[in-house]
Amino acid sequence: MQLGIDIGGTHTDGVLLDKNDQLINHNKLPTDYHNLADTILSSCQKLTSNSNRNNLNRLVLSTTLITNLIIKGGGHSTGLLLIPGPGLNPAWYNYSPYTKIISGSIDHRGRKVKDITEKEVKKGVANFIKQGVNNIGICGKFSTRNPSQELKIKKIIENNFPEIKNITLSHKLSGKLNYPRRIATTYLNTGVQKPHNKFISDIQTGLNKLNLEAPVYILKADGGTMPLKEAKNLPIESINSGPAASIMGILALTKPTETTLGLDIGGTTTDISLFVGQEPIFKPKGITINNYKTSVRGLYNQSIGVGGDSLIQIKDGKLKIGPQRKGSAAAFGGPAPTPTDALVYLNLTNNGDKKKATASLNPLAKKLHLSTSELAEKIITKFCSQIQTKINQILTKLNNQPVYTINKLLTDNTIQPTRLVGIGGPAKTIIPKLANRLNLKYEVPDHSAVANAVGAALARTTKECTLYADTSRSYYNIPELGIEKEITDEFNLETAKKIAQQELNSNLKNQTAEIKITNSETFNLIRGFKTTGQIIKVTAQVKPGRRRTNAN
Amino acid sequence: MQIKAKNNLGLVFFPAFDWSISPTHPERKERLLYTKDQVLEEGLLDIEGIEEYNPLVATIDDVNRTHICIPDTESIISKPHLISAGGAIKAAELVMQQEVDKAFAIIRPPGHHAFRIVYGARGFCTVNNEAIMVEYLRQKYGSDLKIAFVDTDAHHADGTQNIYYNDPNVLHISIHQDGRTLFPGTGFTDDLGGPGAFGRTINLPLPTNTTDQGLHYALDNLILPILDDFDPDLIINAAGQDNHYSDPLTQMKITAQGYAELNEKLDPDLAILQGGYSIESALPYINTGIMLAMAGLDYSYIKEPDYNSKIVKQSTKITDIIKKRVDKLLSSWKKRDEIDIQAKFNTQDYYTTQHNIFYDTAQIRENQQIKIKICPDCSGLMIIDSRAVPLSIGETRNIILPFDVCNECRQLGYNKYEISKSDFNYIYLQDKKEDKLLTNH
Ligand SMILES: [Zn+2]
Ligand SMILES: [Zn+2]
């Protein structure tokens with residue numbers, strides 16, 4: 001059995017699934033922001049009984065804790081030690097008011113160009129401490145190619161400033177090239193570490209009290225899970241887990257097999273996701289949160305400000321839906337007309353007070369010289385067309401992503417969805433109409449109300465690593481796993497792929513993982529008309545997906 | 001990092017990682033690898049106002065509008081060339097459609113050594129990307145567009161010069177390492193353009209070991225004043241990067257800062273990558289510098305790992321040579337419209353000349369006999385009889401009708417085309433105005 005708990009903006013949904021992934025029990029509780037751990041624990045308590053707690057294999061949490069901390073500007077003051085070397089103006093890296101530029105530099109092939117000086121580091125850290133800052137992030141340009149300067153600074157701090165307990169190194173957070181994103185990610189990760197660790201220990205204490213011993217996982221932005229222990233160092237990975245849970249819910253409930261558009265029609269927004277084959281696709285660069293562009297890998301998801309509770313008004317003689325929400329639909333006691341009221345009026349949904357819906361729509365109908373039913377139809381059509389426009393924009397953008405090889409430029413990899421699946425309140429009525437407009441097959445799964453929690457419960461552990469090898473410099477490294485090894489000239493792409501897979505596999509321990517090589521490139525190094533070595537880049541990944549039964 | 005570009009900049013970045021002339025050629029797969037790594041690591045593509053685009057694929061018609069490929073276009077060029085040219089076209093379209101303020105096409109292979117007539121590759125170039133781009137623009141947006149090229153590659157832009165030598169609406173300025181010390185061995189101050197566009201070709205050969213000082217002296221005292229006079233609709237920087245002090249093929253001493261500052265002052269609408277073979281020590285820094293400069297952002301922190309401030313100092317001897325050449329060119333520019341063309345070219349009807357062209361990459365030697373009609377009503381009908389060894393196709397005749405062709409030259413051209421059919425197995429007529437290429441086979 002497994003538990004999935006999704007902590008949403010207003011409610012927390014919990015599900016209990018049996019060993020065949022069938023829903024046994026579910027509940028919905030109000031979210032208590034000031035005490036998320038309590039909300040989670042009471043959801044656990046209500047879903048399970050003393051007798052079945054021992055049969056529980058795992059518990060997966062999708063939490064908004066870190067997202068909210070970041071959006072509210074919470075978390076702790078973080079000092080940044082940056083080693084930018086030459087390049088962009090370092091004043092642009094203005095993430096933290098406590099920033100010290102350390103002179104040192106690594107080049108694009110991971111060669112040390114300039115050493116760091118211990119004195120500078122000590123001075124910077126002492127200054128942070130004087131200002132009451134004792135969380136530190138260390139970020140070097142090209143540290144993913146050579147992390148030695150970040151590691152050296154960490155050692156200097158540990159040897160001289162035992163009071164600093166919380167240090168994040170940028171190369172451990174992402175193996176990708178993008179220095180500003182790595183700084184942002186390091187900065188955010190360092191700042192939220194302490195509240196996150198408190199949350200984790202609260203949960204652990206609470207679960208112990210419930211005698212719940214199953215391993216606990218946190219859902220990440222990429223739709224995979226990470227064990228609680230690993231989550232301690234990587235709180236930033238749990239941002240955006242709400243949309244990720246919804247996408248994994250769609251995946252779990254509908255098992256897409258072809259190119260599929262996923263829609264989660266909520267109260268204020270509609271979230272659009274995409275599946276190619278059986279896999280959700282990723283954001284090309286990383287997640288943006290509260291204007292911070294990060295390197296956190298996330299599932300592709302675009303929001304549009306129209307949902308079941310969006311405010312409907314007339315502006316300049318035209319119907320306008322959203323992006324504001326004034327409250328729930330009039331049919332449910334809300335203050336203003338919404339798309340849901342149009343559905344209620346047209347008898348397309350069983351719930352809600354039709355009289356209230358009618359009363360809210362009538363004044364608008366009059367203004368537009370329409371009958372109420374004409375207006376209701378018009379609202380639904382407009383609702384669909386706004387989503388359709390957004391979908392078309394998304395596809396155009398995705399289909400024009402930059403490529404760097406002639407082969408890719410000339411190969412037609414156009415993403416063209418053939419199927420539409422939807423969850424969320426109005427999905428049952430909206431999805432068929434939208435599918436008709438887009439000329440797609442469609443599906444609206446059962447249990448769509450608790451899709452997010454089901455998605456969390458069934459998600460498997462994901463992990464990515466990048467291997468960069470340079471045979472003329474006789475080394476390879478995998479920054480995320482902290483691995484650097486010497487190699488000989490015989491090292492080649494096949495070896496690199498094998499090593500990346502093996503290392504990722506041993507890092508995942510008890511998961512029988514499907515590791516895929518998602519990117520591989522080699523370049524011959526030509527110097528003076530001779531090949532002097534090879535640069536090899538490999539990315540290995542456990543992609544998000546449904547966990548296999550009986551595995552973690 | 002919440003930085004916004006002052007100028008919206010479009011990047012057509014296409015390193016063609018799966019293509020090279022031959023496995024160990026300097027123009028190789030790896031050439032833009034380190035530039036890509038640097039650009040990604042710096043996070044340049046996250047700067048608001050800097051946007052990346054895929055190249056278009058140019059068509060055979062786009063090539064035929066600019067070149068005469070012998071025996072035919074299909075047998076000489078391949079997809080990589082069409083994509084590189086398409087990258088330049090995409091960059092230009094972004095600017096013309098006002099989607100961006102400026103665009104930089106970082107494409108390979110380069111183009112500036114490709115002449116109008118093409119038998120194969122020379123100087124790593126087969127077709128002239130920037131000329132294909134300009135001819136596309138003139139066809140689409142009007143042939144009265146005034147275009148200025150400033151070619152800053154270390155090698156003389158002999159191909160682009162050749163294509164625009166007699167074109168009055170195109171100013172072609174090339175600054176390069178002195179042809180006496182470097183391929184292709186041309187580009188001296190006396191080449192000033194044909195009878196139809198006299199003065200609109202400008203060559204400034206720079207002595208070996210010229211530094212940023214010399215480059216910027218020429219920019220401030222020659223190039224910028226001439227551009228002010230000419231007042232072009234579009235300025236194109238043919239941005240070669242082989243002037244860099246670490247380039248293995250040349251003997252110049254320009255730094256990444258020197259290149260960036262050049263682009264800030266020149267303020268080009270378009271930059272198109274040319275050569276540059278110091279792929280690790282120079283290209284990542286120069287390209288980053290050019291991008292920042294074009295976007296109107298601070299580039300002062302860009303420095304090569306081995307940068308030393310002494311490198312910009314240049315001997316007074318070099319400074320003096322450059323000053324002398326700049327003065328000479330400036331005075332001939334000022335007098336360009338006072339020249340008596342018939343007297344200058346020593347003829348009343350046809351200006352005739354000849355040209356030997358060596359294709360170093362394809363190992364072909366070509367001889368051209370060129371005739372340009374001196375015409376009061378247009379820039380003049382051009383007839384090029386060309387023979388290439390060791391090719392076995394014999395002498396070819398190439399008739400070119402310019403964009404501004406007058407009726408008389410047009411008639412004459414078509415008549416020549418018909419009557420030459422009995423004498424030539426291969427005869428071509430490129431009609432710029434009608435946008436077509438005729439051939440007898
Ligand atoms: Zn060159
Ligand atoms: Zn004429």
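Preceding block: the structure.
The rules we used
Residues numbered from 1 in each chain as written. Chains lettered and ligands numbered in written order. Predicted model: local features only at pLDDT ≥ 70, side-chain atom pairs only at ≥ 80, totals over all residues. Heavy atoms only, no water. Helix = DSSP H or I, 4+ residues; strand = E, 2+ residues; numbered from the N terminus. Rg over C-alpha atoms; globule rule 2.2 N^0.38 Å. Buried < 20%, exposed > 50% of the residue type's maximum accessible area, 1.4 Å probe, protein only. Areas by Shrake-Rupley, 256 points an atom, 1.4 Å probe, with all protein chains shown as cover. Lys, Arg positive; Asp, Glu negative; His and termini not counted. Charge placed at Lys NZ, Arg CZ, Asp CG, Glu CD. Contact = heavy atoms within 4.5 Å. Pairing = 2+ DSSP bridges. Axes fitted to C-alpha atoms, helices over the stretch in contact; angles between N-to-C directions. Buried area = accessible area lost by both parts, 1.4 Å probe. Salt bridge = Lys/Arg side-chain N within 4 Å of Asp/Glu carboxyl O. Polar contact = N/O pair within 3.5 Å; in protein donor to acceptor, adjacent residues only side chain to side chain. Nonpolar A, V, L, I, M, F, W, Y, C, P; charged D, E, K, R; others polar. Parallel < 35°, antiparallel > 145°, perpendicular 65-115°, else oblique. Left-handed = near helix turned anticlockwise from the far one by under 90°. Patch = residues over 30% accessible without salt bridge, like charges linked within 9 Å, V, L, I, M, F, W, Y side chains within 5 Å. Donors = N, O, S within 2.8 Å, 3.2 Å for Na, K, Ca; no water. Tetrahedral: all angles 85-135°; square planar, octahedral: opposite > 155°, others 65-115°. Phe/Tyr/Trp six-rings, centres within 6.5 Å; stacked < 30°, edge-to-face > 60°. Lys NZ or Arg CZ within 6 Å of the ring centre and 35° of its normal. Expected span 1.5 Å × (residues − 1). Arc of directions from axis to C-beta.

## Let's talk about the overall build of chain A
Here is step 1: Regarding its fold elements, chain A presents 14 helices and 27 strands.
Here is step 2: The C-alpha atoms of chain A give 26 Å as radius of gyration, which agrees with the globular expectation for 552 residues (24 Å, within 12%).
Here is step 3: Overall size of chain A, expressed as C-alpha extent along the three principal axes, is 75 × 60 × 50 Å.
Here is step 4: Classification of the 552 residues of chain A by burial places 58% in the buried group.
Here is step 5: With the model as given, the accessible surface of chain A reaches about 23,200 Å², and the carbon-plus-sulfur share is 47%.
Here is step 6: Of the charged side chains in chain A, 71 are positive and 42 negative, and the gap between their average positions amounts to 4 Å.

## A few points about the overall build of chain B
Here is step 1: Looking only at helices and strands, one finds 12 helices and 16 strands in chain B.
Here is step 2: Against the compact-globule benchmark of 22 Å for 441 residues, chain B has a radius of gyration of 21 Å, which places it among compact chains.
Here is step 3: Based on the C-alpha atoms only, the size of chain B along its principal axes is roughly 65 × 45 × 40 Å.
Here is step 4: Expressed as a percentage of the 441 residues in chain B, the buried residues total 64%.
Here is step 5: Summarising the internal contacts of chain B: among those between residues at least 6 apart in sequence, 71% fall at separations of at least 24.
Here is step 6: In the structure as shown, chain B presents an accessible area of about 15,400 Å², 46% of it carried by carbon and sulfur atoms.
Here is step 7: The average position of the 43 basic charges and that of the 61 acidic charges among the side chains of chain B differ by 5 Å.

## With respect to the sheet that holds strand 13 (residues 382-389) of chain B
Residue and element names in this part refer to chain B.
Here is step 1: The mixed open sheet is built from 6 strands, whose spatial order is 11-12-13-14-15-16. Of all strands in the sheet, those with a lone pairing partner are strand 11 (350-359) and strand 16 (436-439), marking the two edges. Across the sheet, the mean angle from the axis of one strand to that of its neighbour is 15°, orientation sign disregarded.
Here is step 2: Where strand 15 (residues 426-431) meets strand 16, 4 bridges bridge the pair, whose relative direction is antiparallel. By the bridge assignment, Asp-431 is partnered in strand 16 with Lys-436.

## Overview of the interface of chain A and chain B
Here is step 1: In this assembly, 48 residues from chain A lie in contact with 47 residues from chain B.
Here is step 2: Interface of chain A and chain B: buried area, both sides summed, is about 4,100 Å²; carbon and sulfur atoms make up 58% of it.
Here is step 3: For the chain A face of the interface with chain B, the top three residues by lost area are Trp-92, Tyr-404 and Ile-406 of chain A, together amounting to 19%.
Here is step 4: At the boundary of chain A and chain B, one finds 10 salt bridges.
Here is step 5: In this structure, the connection of chain A to chain B is made through 32 residue pairs in polar contact (both at pLDDT 80 or more).
Here is step 6: At the level of elements, helix 5 (179-209), helix 11 (406-410), strand 26 (515-527) and strand 27 (530-542) of chain A are the ones that each hand at least two residues to the side of chain A that touches chain B.
Here is step 7: No other element matches the 6 residues that strand 26 of chain A contributes to the side of chain A that touches chain B.
Here is step 8: When grouped by side-chain class, the residues that make up the side of chain A that touches chain B number 22 nonpolar, 14 polar and 12 charged.

## Comments concerning the packing of helix 1 (residues 33-42) of chain B against helix 9 (residues 283-295) of chain B
Residues and elements named next belong to chain B.
Here is step 1: Viewed as axis vectors pointing N to C, helix 1 and helix 9 meet at an angle of 50°, and their least axial separation amounts to 8 Å. With respect to each other, helix 1 and helix 9 are oriented oblique. Here helix 1 runs over helix 9; the crossing is right-handed. Taken together, the residues of helix 9 that come into contact with helix 1 (itself represented by Tyr-34, Thr-35, Gln-38, Val-39 and Glu-42) are Leu-283, Pro-284, Tyr-285, Asn-287, Thr-288 and Met-291.
Here is step 2: Across the contact of helix 1 with helix 9, the residue classes break down as 6 nonpolar, 4 polar and 1 charged.

## Examining a negative patch on the surface
Residues and elements named next belong to chain B.
Here is step 1: Residues Asp-144, Asp-228, Asp-229, Asp-231 and Asp-233 make up a contiguous surface patch of negative charge.
Here is step 2: By the element assignment, Asp-231 lies in the loop between helix 7 (212-230) and strand 9 (234-239).
Here is step 3: Assessed through its relative accessible area of 55%, Asp-231 is described here as exposed.

## Some words on the side chain of Thr-63 of chain A
All names here are of chain A.
Here is step 1: Summarising the element assignment, Thr-63 is placed in the loop between strand 4 (58-62) and helix 2 (65-71).
Here is step 2: Separated by 2.8 Å, the side chain of Thr-63 and the backbone nitrogen of Leu-65 make a polar contact.
Here is step 3: With residues up to four places along the chain from it excluded, the contact list for Thr-63 reads Ile-7, Phe-199, Ile-218, Ser-238 and Ser-241.

## Details of the coordination of the zinc ion (ligand 2)
All names here are of chain B.
Here is step 1: With distances of 2.2 to 2.3 Å, the protein atoms coordinating the zinc ion (ligand 2) are Cys-375 (SG), Cys-378 (SG), Cys-406 (SG) and Cys-409 (SG).
Here is step 2: Taken together, the 4 donor atoms coordinating the zinc ion (ligand 2) and their angles of 102 to 115° define a geometry best described as tetrahedral.
Here is step 3: Counting residues between consecutive donors of the zinc ion (ligand 2) along the chain gives the motif C-x2-C-x27-C-x2-C. Here the residue Cys-375 occupies a position in the loop between strand 12 (364-373) and strand 13, and Cys-406 occupies one in the loop between strand 14 (396-401) and helix 12 (407-420), the gap between them amounting to 31 residues.
Here is step 4: On the basis of relative accessible area, Cys-375 is assigned to the buried category, the value being 15%.
Here is step 5: Judged by its relative accessible area of 10%, Cys-406 falls in the buried class.

## Looking at the pattern of salt bridges
Here is step 1: Summed over the entire model, instances satisfying the criterion amount to 54 salt bridges over all chains.
Here is step 2: Two residues, Glu-30 of chain B and Arg-28 of chain B, come together in a salt bridge whose shortest N-O distance is 3.1 Å. By the burial criterion, Glu-30 of chain B is buried, and Arg-28 of chain B matches it.
Here is step 3: Among the charged side chains, a network of salt bridges with common partners joins Asp-107, Arg-109, Arg-111, Asp-470 and Arg-527 of chain A together with Arg-28, Glu-30 and Glu-280 of chain B.

## Re the environment of Lys-313 of chain B
Residue and element names in this part refer to chain B.
Here is step 1: Tracing the backbone through its elements, the reader meets Lys-313 in the loop between helix 9 and helix 10 (316-334).
Here is step 2: Judged by relative accessible area, which is 63%, Lys-313 ranks as exposed.
Here is step 3: For the pair Lys-313 and Thr-211, spaced 102 residues apart in sequence, the C-alpha separation works out to 6.8 Å.
Here is step 4: Apart from the residues within four sequence positions on either side, Lys-313 is in contact with Thr-211 and Gln-213.

## Things to note about the packing of helix 10 (residues 372-398) of chain A against helix 12 (residues 427-438) of chain A
Residues and elements named next belong to chain A.
Here is step 1: Viewed as axis vectors pointing N to C, helix 10 and helix 12 meet at an angle of 55°, and their least axial separation amounts to 10 Å. By the angle between their directions, the pair helix 10 and helix 12 is classed as oblique. Considering the relative orientation of helix 10 and helix 12, their crossing is right-handed. Residues Ile-380, Thr-381, Phe-383, Cys-384, Ser-385, Ile-387, Gln-388 and Ile-391 of helix 10 touch helix 12, and the partners they reach there are Ile-430, Lys-433, Leu-434, Arg-437 and Leu-438.
Here is step 2: Of the residues belonging to the contact of helix 10 with helix 12, the class tally is 8 nonpolar, 3 polar and 2 charged.

## Thoughts on the packing of aromatic side chains
Here is step 1: With the rule as written, the count across this model stands at 13 aromatic pairs over all chains.
Here is step 2: Seen in terms of ring centroids, Tyr-95 of chain A and Tyr-292 of chain A are 6.5 Å apart; in terms of plane orientation they differ by 25°. Their pairing is stacked. Of the two residues, Tyr-95 of chain A is situated in the loop between strand 5 (79-83) and strand 6 (98-101) and Tyr-292 of chain A in strand 17 (residues 292-293); the sequence distance between them amounts to 197 residues.
Here is step 3: Each member of the aromatic cluster is reached from another via a ring pair, and the members are Tyr-404 and Phe-523 of chain A together with Phe-13 and Phe-17 of chain B.
Here is step 4: The ring of Phe-230 of chain B has Lys-146 of chain B sitting right over it, with the charged end atom 4.8 Å from the ring centre.
Here is step 5: The residue whose ring lies beneath Lys-371 of chain B is Tyr-350 of chain B, and the NZ or CZ to ring-centre distance is 4.6 Å.

## Quick look at helix 14 (residues 493-508) of chain A
Residues and elements named next belong to chain A.
Here is step 1: In a regular helix each residue adds 1.5 Å, so 16 residues correspond to 22 Å; helix 14 covers 23 Å between its end C-alpha atoms and thus fits that length.
Here is step 2: Within the sequence span of helix 14, burial applies to Ala-496, Ile-499, Ala-500, Glu-503, Leu-504 and Leu-508. Looking down the long axis of helix 14, one finds its buried residues gathered within 160° of arc, a one-sided arrangement. Seen from the buried face of helix 14, the exposed residues on the opposite side, beyond 90 degrees, are Lys-498 and Gln-502.
Here is step 3: Summarising the contacts, the buried residues of helix 14 are in contact with strand 23 (463-470), strand 24 (475-478), strand 25 (483-486), strand 26 and strand 27.
Here is step 4: The opening residue of helix 14, the one whose side-chain oxygen lies 3.1 Å from the backbone nitrogen of Glu-494, is Asn-492.
Here is step 5: One or two positions beyond helix 14, positive phi appears at Lys-509, with a value near 50°.

## With respect to the pairing of strand 9 (residues 135-140) of chain A
Sheet faces and side chains relate simply in a regular strand, where the side chains alternate between the two faces.
Residues and elements named next belong to chain A.
Here is step 1: Counted residue by residue, strand 9 has 6 buried out of 6 residues, so it is predominantly covered.
Here is step 2: Burial along strand 9 is two-sided: Asn-135, Gly-137 and Cys-139 and Ile-136, Ile-138 and Gly-140, pointing in opposite directions, are all buried.
Here is step 3: By the bridge criterion, 5 bridges tie strand 5 to strand 9 in an arrangement that is parallel. Following the sheet pairing, Leu-81 is matched in strand 9 by Ile-138.

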